[in-house]
Amino acid sequence: MLGPVPRDGAVVLDEIERVEELPVGLRDAQEAGRYRLEPSGRDACFDVVNGPGSLKPLVFAPREPLLQIELDAFEEPPGRGGFRAREQVPDPPRLAVLGVRACDLAALGVQDRIFLEGREPDAAYAARRRHLLLVGVSCTHSAPTCFCVSFGTGPRVTRGFDLALTELPEGFLARAGSATGESVLARLHAAPAPPALLAAEDSAIEACAAEQQRSIDLTDLPERLWGSLEHPRWRDVGARCLSCGNCTMVCPTCFCHDIWDEPALDGSGSLRVRAWDSCFDRDHAQVRGLNHRPTIQDRYRQWLTHKLAGWVEQYGTSGCVGCGRCITWCPVGIDLTEEVAALGVPPR
């Protein structure tokens, strides 16, 4: 089982065996370019909203083999022999993940559209995806960088889970969201929740939504962004952005990747490998000697417009779920919600 574990000043997903390994008594202080863990003053397990990690690396591996290409025995003249290509599909163990937030469950749904719903579902992604058991946790407080309410992706866990928990001072409320979750819940012999506890849950989640400080107005957002491609704000943000790619690495939906072949030293074949890439990498836009996004301004514009506009046209959903990680983990504190507002899309 994986769960949120405090390590090196942040909360990360790691193996857990005991409740004491959770971030009990801790809370996260997040702002643009800032993340700290602080005492919460409460004996709660899930007061930390999120850390830099998400479900993404559990299904879309940061680096993995795709094909093993083997050449037939060498023949004369050279180059006339055949080859065999064997798809490399992982056989992962079943994995339970505890403490998944609503925004990350929504992000996994976006990744499912990308990797599973096309004409050719991704075999490696599918193998990992079907082995996940997901235990969600509804948020009862927001980080200052959260804006999931704008996208309808939180703070309440509503879909994509096997079990959903809500932590209250009186204890935990649990719901099943799948047959597997029903089976697990039945083994716990939990009592039905009284109406007063359900009302307390609603109040806590509604208060969490109301305290969010950031937002994005989604009304005609793709059209507004496509109409702002020459806006001077792109030059401004391009001058501040380091093009480091932090935002794409922590984003739970970004899926840019590179593929290359690693030949065997003895010439017997090669291994085709896929690894995460970022549209902020200058070489990402290099095509046959021409770079069509040569400046940081170009690359930031590509990232923001693709995520908030292009994805809607391609996949029927935004590429953003309002988790706020790109804001928190940007070294210079660039705020996605501020940039959208500055482009003429006012906050709600």
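Residues numbered from 1 in each chain as written. Predicted model: local features only at pLDDT ≥ 70, side-chain atom pairs only at ≥ 80, totals over all residues. Heavy atoms only, no water.

### Section: the overall build of the protein
In plain terms, the rule: Secondary structure elements follow DSSP: runs of H or I of four or more residues count as helices, runs of E of two or more count as strands, with numbering from the N terminus. With the radius of gyration taken over C-alpha atoms, the globule rule is written as 2.2 Å times the number of residues to the power 0.38. Burial status follows relative accessibility: with a 1.4 Å probe on protein chains alone, a residue under 20% of its type maximum counts as buried, one over 50% as exposed, and anything between as partly exposed. Note on contacts: a residue pair qualifies if any of its non-hydrogen atoms lie within 4.5 Å across the two residues. In these tables, accessible area is a Shrake-Rupley quantity obtained with a 1.4 Å probe, and a residue counts as shielded only by the protein chains included in the view. Working convention for charge: Lys and Arg count positive, Asp and Glu count negative, and His plus the chain ends are omitted. To locate a charge, take NZ of a lysine, CZ of an arginine, CG of an aspartate or CD of a glutamate.
The helix and strand tally for the protein stands at twelve helices and 14 strands. In summary, the protein has a C-alpha radius of gyration of 22 Å against a globular reference of 20 Å for 348 residues, a match within 12%. C-alpha atoms of the protein, sized along the principal axes, occupy 80 × 55 × 35 Å. Buried residues in the protein amount to 47% of all 348 residues. Taking the intrachain contacts of the protein between residues at least 6 apart in sequence as the baseline, contacts between residues at least 24 apart amount to 66%. Carbon and sulfur atoms provide 53% of the accessible area of the protein, an area that totals close to 17,400 Å². Charge centroids of the protein, computed over 37 positive and 48 negative side chains, lie 3 Å from each other.

### What to know about the pairing of strand β2 (residues 10-15)
Rule in force here: We treat two strands as partners when DSSP finds at least two bridges between them.
Direction of pairing for strand β1 (residues 2-7) relative to β2: antiparallel, over a ladder of six bridges. Within β2, the position partnered with Gly3 by the bridge is Asp14.

### Focus: the pattern of salt bridges
Counted only if it meets this: In the sections that follow, a salt bridge refers to a side-chain nitrogen of Lys or Arg positioned within 4 Å of a carboxyl oxygen of Asp or Glu.
Applying the stated rule across the entire model yields 20 salt bridges. One salt bridge in this structure joins Arg233 and Glu339, with 2.8 Å as the shortest N-O distance. In this pair, Arg233 is assigned in helix α8 (residues 233-240) and Glu339 in helix α12 (residues 336-342), connecting sequence segments 106 residues apart. You can call Arg233 partly exposed: its relative accessible area is 23%. Look at the salt bridges and you will find they share partners, linking Glu64, Asp122, Arg128 and Arg274 into a network.

### Here we look at the state of the cysteines
The condition that has to hold: Criterion for a disulfide: a pair of cysteine sulfur atoms at a distance within 2.5 Å.
A complete count under the given rule lists zero disulfides for this structure. Of all cysteine sulfurs, the one in Cys256 lies closest to Cys279, which takes part in no disulfide; the gap is 5.0 Å. With relative accessibility at 7%, the residue Cys279 sits in the buried group. Looking at the unpaired Cys326, the closest cysteine sulfur is the one in Cys320, lying at 6.2 Å. For Cys326, a relative accessible area of 13% puts it in the buried group.

### Concerning empty space enclosed by the protein
Using the following cut-off: Method remark: on a 1 Å grid restricted to protein atoms, a set of points is classed as a cavity if a 1.4 Å probe fits but cannot get out and as a pocket if it is open with protein on both sides within 12 Å along at least five of seven lines; lining residues have an atom within 4 Å of a point. Grid points are joined across faces, edges and corners, and a volume is the space filled by probe spheres set on the points. Side-chain classes are defined by residue name, with Ala, Val, Leu, Ile, Met, Phe, Trp, Tyr, Cys and Pro counting as nonpolar, Asp, Glu, Lys and Arg as charged, and the others, Gly among them, as polar.
Under the definition given, this model contains eight cavities of 30 Å³ or more. Considering the residues around the largest cavity, the lining is formed by 18 residues, among which Leu13, Gly53, Gly99, Asp104 and Arg325 are closest to the centre. At the level of secondary structure, the elements contributing two or more residues to the lining of the largest cavity comprise β2 and β7 (95-100). Looking at side-chain class alone, the lining of the largest cavity contains ten nonpolar, five polar and three charged residues. Looking at the second largest cavity, its volume works out to about 150 Å³. Cys241, Cys247, Tyr300, Cys330 and Ile334 are the residues nearest the centre of the second largest cavity, which is lined by 17 residues in total. The residue makeup of the lining of the second largest cavity, split by class, is 13 nonpolar, three polar and one charged.

### A closer look at the layout of surface pockets
If you add up the space inside the largest pocket, you get close to 440 Å³. For the largest pocket, the lining is made up of 16 residues, of which Met1, Leu98, Val135, Leu165 and Leu188 are closest to its centre. Contributions of two or more residues to the lining of the largest pocket are made by β8 (132-137), β9 (163-168) and α5 (179-188). Its residues placed into classes, the lining of the largest pocket shows 14 nonpolar, no polar and two charged. Approximately 220 Å³ is the volume attributed to the second largest pocket. Together, 17 residues line the second largest pocket, and Ala106, Val110, Thr153, Arg159 and Thr317 are the ones closest to its centre. With seven residues, helix α2 (residues 102-116) is the largest single contributor of residues to the lining of the second largest pocket. Among the residues making up the lining of the second largest pocket, the classes are represented as seven nonpolar, six polar and four charged.

### Notes on the pairing of β7
Burial runs high along β7: five of the six residues are buried. For β7 and β8, the ladder comprises five bridges, and the chain directions are parallel. Bridging from a neighbouring strand, Ala96 pairs with Leu133 of β8.

### Quick notes on the packing of aromatic side chains
Put simply, the rule reads: To pair, rings of Phe, Tyr and Trp, with the six-membered ring standing in for Trp, must have centres within 6.5 Å; the planes then decide the type, stacked if under 30 degrees apart, edge-to-face if over 60, and tilted in the middle.
One pass over the full model with this rule turns up 14 aromatic pairs. A centroid spacing of 6.0 Å and a plane angle of 40° characterise the contact between Phe60 and Trp276, whose relative ring orientation is tilted. Linking Phe60 in the loop between α1 (56-59) and β5 (63-71) with Trp276 in strand β12 (residues 269-276), this pair joins segments that are 216 residues apart in sequence. Residue classification places Phe60 among the buried positions, given a relative accessible area of 1%. Each ring, one from Trp234 and one from Tyr300, has its centre 6.4 Å from the other, and the planes form 50°; the classification is tilted. Here Tyr300 lies in helix α10 (residues 296-315) and Trp234 lies in helix α8, a separation of 66 residues in the sequence. Comparing Trp234 with Tyr300 shows no difference in burial state: the two are buried. What links up through ring pairs into an aromatic cluster is the set Phe60, Phe115, Tyr125, Phe255, Trp276, Trp311 and Tyr315.

### What about the side chain of Asp122?
By secondary structure assignment, the location of Asp122 is in the loop between α2 and α3 (123-129). Once you skip the residues sitting within four places of it in the chain, Asp122 turns out to touch Phe115, Leu116 and Arg274.

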